[in-house]
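The primary structure of each chain is shown beneath.
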Amino acid sequence: MPRTSRPQSYYDDIKTKFKEERDKRLTYRPPGTAQYTSELTGELEKYSTDPWRKEAPDREPINDQVEVLFIGGGFSALLTSGRLHERGIENIRIVERGSDVGGTWYWNRYPGAACDVVSYDYLPLLDEMDYVPVNHYSRGPEIFGHCQAIARKYNLYDLAVFSTTVTETVWNEEEQLWHVKTNRGDDMRARFVICANGTLAKPKLSLIDGMNTFKGHAFHSSRWDYEYTGKHLENLKDKRVGIIGTGASAVQIVPELGKTAKSLTVFQRTPSSIDVRDDWPTDPNWARRLQPGWQAKRREKTLAAVEMSPEKRAELDALTPEEKVRRQENSNINHMMRIHKRIDEIVDDKATAEALKPWYMFMCKRPCFHNEYLPTFNLPNVTLVDTKGKGITEIGERGPIFDGVEHELDLLVYATGFEVQLTGIYNSIVGAGGQNLQDKYADGIRTLLGIHTAGFPNLFIMGGYQASFQFNLTDMLQTQGDHIAACIDHVRTHGYQTIDATEDAESWWVQEVINHRGKTSRSEDCTPGYYNFEGAENRRQDGNYNGGFRKYFQHQGEVRSDMAQYFHLGKVKGEAS
Ligand code: NDP
């Protein structure tokens, strides 16, 4: 039974258009991620230089021992530290490339930076910090400040090491400790190591011919040069500015540049879907009435909300798989057509409005929410250069070239995104028996819950693949942080030295991941983007666990309730429980 009044042919025609747009992009692009580079060295080094770096004081290499060492100082490390503190573990070190904590919110300080997830859910440890965010959606500086406040509360600055990159993490069998080596000559020992380096941490650039010949100023969106633009972009009033990319970063930057630059040219390859951003200042009366533990209760509700009622489940189970897919796709298309309609209502110029319409299923790319992005294209100083899926492939001395036209610019911003960290690790990790983790993963990622990997005792991975995917990443990170803190606590309170996933437990989880792989719209049918590895084929197990967030959470609980079944718990060297 069709559920809408539209004929199926309406939906089929739109699906055909989706496919055409996807196929067009795949033929234009080099396959997979090869079109990008995140090796920003040599002439490209300036695109990764830290503009916020407080000159790190010269220091002697560190050669000491801590209980828990985090590689990375973003939300993963901060919220897990909170949980470790609750269990009396305070000997914690963060090793971080930037010169402060904050991760994404340390690096991304571009104008307009904000989070699209409701602040009361996104900001972690609000109960513990006794803090209520200022708005329904938080701006970047507030989130960065919250990160710093967490670090202060848990004394994380005491042992933290900044402006330092971990290069090697090696398990020492004799000592039953990890040795963590860095680009500053450190050799730190740690009993537990947590890879908390984020999934989208390294800026990437599209490999465009001639980009180094450009004579104007250029930088990546995550390395905003306020010295050039001025703190409030006031230096741009006589500048011709261009931006390559129209993803979530650009969607927030474009309105700010549109308001301030003499001219703004937006170079688009694929439009984002832009929905309403329903923001408001936090009601002080509501905030005052909040009871202790309010955020934890909100999270519980989130977990409960994703569970389907038995009636709904039965209704769905009664459908054929084809009918299920058809209904899902039709309602997805309805949503995307509403996004299209909104563009027609807001954007004055018909050709520009057409060009801004995304032709793919909802969630093929990260959905964006902004009230000023679309109206910006009505401003007289703003031009959209729609490359119709082709992208900018050439840059000359004066600016990007498209269709034989060189667009002359003073400033070019690359909002071209970040390398996707598939494995959740960046440095070389060598576990028991001298095995390198990358070698272990050569035929496919192998983990338990995306967190543990057999043969790498006392090592935990946060935010990597084989874990659940959540639009609100901190929900997912919080469950991982809780789980990891509980595992470490179990080891310590039961007098164990080590915790290491068994091969059986790992095989079970890899199979769980494979079994659920088909259940996602982030598939090869989608237009290329980082969600689907730029349209490249990938191995069945190299992706997220798609069994659902609640199920992922439940599996974590099952594992913790029978540690001895899922882990080798070592008392002394070589002796397993
Ligand atoms: P994305 O990877 O999402 O976007 C990169 C953009 O660059 C795409 O529009 C891409 O086009 C475009 N591009 C790449 N090469 C070219 C080229 N040669 N010519 C023209 N365009 C090109 O990166 P973002 O930094 O925007 O976002 C990354 C992620 O960070 C988000 O998905 C989100 O998870 C997070 N984020 C969250 C925010 C929030 O909460 N609001 C804000 C900002 C970021 P194409 O689509 O065709 O590949």
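Before reading further, recall that the structure is shown in the block above.
All of the points below concern the structure found in this document. From a predicted model like this one, the values you see are computed outputs, not experimental measurements.

Secondary structure summary: the chain contains 19 helices and 21 strands in total. Reported as C-alpha extents along the three principal axes, the dimensions of the chain are approximately 70 × 65 × 55 Å. For the chain, buried positions account for 55% of its 577 residues. In the chain, 74% of the contacts between residues at least 6 apart in sequence involve partners at least 24 apart. With the model as given, the accessible surface of the chain reaches about 25100 Å², and the carbon-plus-sulfur share is 50%. Both charge centroids of the chain, one from 71 positive and one from 81 negative side chains, sit 4 Å from each other.

This brings us to the packing of helix 1 (residues 8-28) against helix 12 (residues 321-346). Running from N to C, helix 1 and helix 12 cross one another at 75°; their axes reach a closest spacing of 10 Å. Taken as axis vectors, helix 1 and helix 12 run roughly perpendicular relative to one another. Only Arg-326, Glu-329, Asn-330, Ile-333, Asn-334 and Met-337 of helix 12 make contact with helix 1, whose side of the interface consists of Gln-8, Tyr-10, Tyr-11, Ile-14, Lys-15 and Phe-18. A breakdown of the residues in the contact of helix 1 with helix 12 according to their chemical character gives 6 nonpolar, 3 polar and 3 charged.

To continue, consider the environment of Leu-473. Here Leu-473 lies in helix 16 (residues 473-493). Put simply, Leu-473 and Gly-463 are 10 residues apart on the chain and 8.3 Å apart in space, counted from C-alpha to C-alpha.

Counting buried positions over the 6 residues of strand 5 (residues 177-182) gives 5, a clear majority of the element. Strand direction decides the pairing type here: strand 4 (residues 166-172) and strand 5, joined by 6 bridges, are antiparallel. In the sheet register, Thr-169 faces strand 5, and the bridge partner there is Val-180. The antiparallel hairpin formed by strand 4 and strand 5 contains 4 residues in its connecting segment, where Gln-176 sits at a positive phi of about 55°. In terms of strand pairing, strand 5 meets strand 6 (residues 187-195) through 4 bridges, oriented antiparallel. Among the inter-strand pairings, Val-180 is bridged to a residue of strand 6, identified as Met-188.

Now for the packing of aromatic side chains. This model, assessed by the stated rule, comprises 25 aromatic pairs. Taken together, a centroid distance of 4.8 Å and an interplanar angle of 70° make the contact between Phe-219 and Trp-224 edge-to-face. Here the two residues Phe-219 and Trp-224 agree in accessibility, since each one is buried. Aromatic ring contacts, followed pair by pair, group Trp-508, Trp-509, Tyr-545, Tyr-552 and Tyr-566 into a single cluster. Over the aromatic face of Trp-52 sits the side chain of Arg-109, whose NZ or CZ is 4.3 Å from the ring centroid. Cation over ring: Lys-571 sits above Tyr-496, and NZ or CZ is 4.6 Å from the ring centre.

On to the sheet that holds strand 17 (residues 411-414). Spatial ordering of the open sheet is given by 8-17-9-10-13, a layout of 5 strands whose pairing is parallel. The open sheet has two edge strands, strand 8 (217-220) and strand 13 (382-386), and neither has a second partner. Within the sheet, the average angular offset between the axes of one strand and its neighbour, ignoring direction, is 15°. The pairing of strand 8 with strand 17 spans 4 bridges and is classified as parallel. Considered in strand 17, the bridge of His-217 is made with Leu-411.

The next subject is the environment of Lys-215. Assignment of secondary structure puts Lys-215 in the loop between strand 7 (205-206) and strand 8. Placed 30 residues apart in sequence, Lys-215 and Gly-245 show a C-alpha to C-alpha distance of 20 Å.

Moving on, we come to the site of the ligand. The environment of the ligand is formed by 27 residues, the closest being Arg-29, Ser-249, Thr-270, Lys-365 and Tyr-530. Starting from 930 Å² of accessible surface for the ligand in isolation, the protein chains cover 90%. Sorting elements by how many residues they give to the shell around the ligand places helix 8 (residues 248-260) first, with 3 residues. Split by residue class, the shell around the ligand holds 12 nonpolar, 10 polar and 5 charged.

This next bit is on the sheet that holds strand 14 (residues 394-395). Sheet strands line up and pair through hydrogen bonds in the backbone, either parallel or antiparallel. Reading across from one edge, 14-15-16 is the order of the 3 strands in this open sheet, with antiparallel pairing throughout. Two strands bound the open sheet, and with one partner strand each, they are strand 14 and strand 16 (405-406). Bridging between strand 15 (residues 400-402) and strand 16 involves 2 bridges; their strand directions are antiparallel. Along strand 16, the bridge assignment pairs Phe-402 with Val-405.

This paragraph deals with the pairing of strand 6. Every other side chain in a regular strand lies on the same face of the sheet, so the side chains alternate between the two faces. With 7 of its 9 residues buried, strand 6 lies for the most part within the structure. As paired elements, strand 2 (residues 65-71) and strand 6 share 6 bridges and run parallel to each other. From the neighbouring strand, Ile-71 faces strand 6, where its bridge partner is Cys-195. Relative to strand 19 (residues 459-461), strand 6 runs parallel, the two being bridged by 3 bridges. For Ile-194, the partnering residue across the bridge sits in strand 19 and is Phe-460.

Turning our eyes to something else, we now look at the pattern of salt bridges. With the rule as written, the count across this model stands at 35 salt bridges. Here Lys-15 and Glu-329 are joined by a salt bridge, their closest N and O atoms 2.6 Å apart. Residue Lys-15 is found in helix 1, and its partner Glu-329 is found in helix 12; the two are separated by 314 residues along the sequence. Among the residues examined, Lys-15 registers a relative accessible area of 33% and is labelled partly exposed. What makes Glu-329 partly exposed here is its relative accessible area of 22%.

Here we come to the state of the cysteines. By definition, a disulfide links the sulfur atoms of two cysteines through a covalent bond. Overall, the coordinates contain 1 disulfide when judged by the stated rule. Residue pairing for Cys-364: its cysteine sulfur links by disulfide to Cys-526, the two sulfurs lying 2.0 Å apart. The sign of the S-S torsion, about -75°, decides the handedness of the disulfide formed by Cys-364 and Cys-526: left-handed. One end of the pair, Cys-364, is in the loop between helix 13 (350-355) and strand 12 (368-369); the other, Cys-526, is in the loop between helix 17 (503-515) and helix 18 (549-561), and 162 residues separate them in sequence. Both residues of the pair, Cys-364 and Cys-526, count as buried.

The largest bend in helix 8 amounts to roughly 30° and is located at Val-254, with the proline Pro-255 lying one to four residues further along. Burial in helix 8 covers these residues: Ser-249, Ala-250, Val-251, Gln-252, Ile-253, Val-254, Pro-255, Leu-257 and Gly-258. The secondary structure elements touched by the buried residues of helix 8 are strand 9 (240-244), strand 10 (263-268), strand 11 (274-275), strand 12, helix 14 (373-376) and strand 13.

Rules of the game
The residue numbers shown here count from 1 along each chain, following its written sequence. Given that this is a predicted model, residues contribute local features only at a pLDDT of at least 70 and side-chain atom pairs are listed and counted only at 80 or more, while totals for whole chains, interfaces and linings are drawn from all residues. By convention in this description, side-chain values take in all heavy atoms of the structure and omit both hydrogens and water. Helix numbering and strand numbering both begin at the N terminus, where a helix is a DSSP run of H or I of at least 4 residues and a strand a DSSP run of E of at least 2. Throughout this description, buried means an accessible area under 20% of the type-specific maximum (1.4 Å probe, protein chains only), exposed means over 50%, and partly exposed covers the range between. By the convention used here, residues are in contact when the closest approach between their heavy atoms is within 4.5 Å. Every accessible area reported is derived by Shrake-Rupley at a probe size of 1.4 Å, with residue values counting cover from the shown protein chains alone. Residues counted as positive are Lys and Arg, residues counted as negative are Asp and Glu, and His and the chain ends are not counted. A charged residue contributes its charge at one atom only: NZ of Lys, CZ of Arg, CG of Asp or CD of Glu. Comment: axis = line fitted to C-alpha atoms, over the contacting stretch for helices; angle = value between 0 and 180 degrees taken between N-to-C directions. Each angle gets one of four labels, with under 35 degrees taken as roughly parallel, over 145 as roughly antiparallel, 65 to 115 as roughly perpendicular, and the rest as oblique. Each residue is assigned to one of three groups, with Ala, Val, Leu, Ile, Met, Phe, Trp, Tyr, Cys and Pro labelled nonpolar, Asp, Glu, Lys and Arg labelled charged, and all others, Gly among them, labelled polar. Any two strands with at least two DSSP bridges between them are considered paired. A pair of aromatic rings is counted whenever rings of Phe, Tyr or Trp (Trp by its six-membered ring) have centres within 6.5 Å, and the orientation is called stacked for planes under 30 degrees apart, edge-to-face for over 60 and tilted otherwise. Each ring is checked for a lysine NZ or an arginine CZ that lies within 6 Å of its centre and within 35 degrees of its normal; such an atom marks a charge sitting over the ring. Proximity is defined per residue: any heavy atom of the residue falling within 4 Å of a molecule or strand makes that residue near it. Definition used for salt bridges: Asp or Glu carboxyl oxygen within 4 Å of a side-chain nitrogen of Lys or Arg. Cysteine sulfur atoms that pair up within 2.5 Å are treated as a disulfide. To obtain the bend at a residue, axes are fitted to the seven residues ending there and to the seven starting there, and the angle between these axes is taken.

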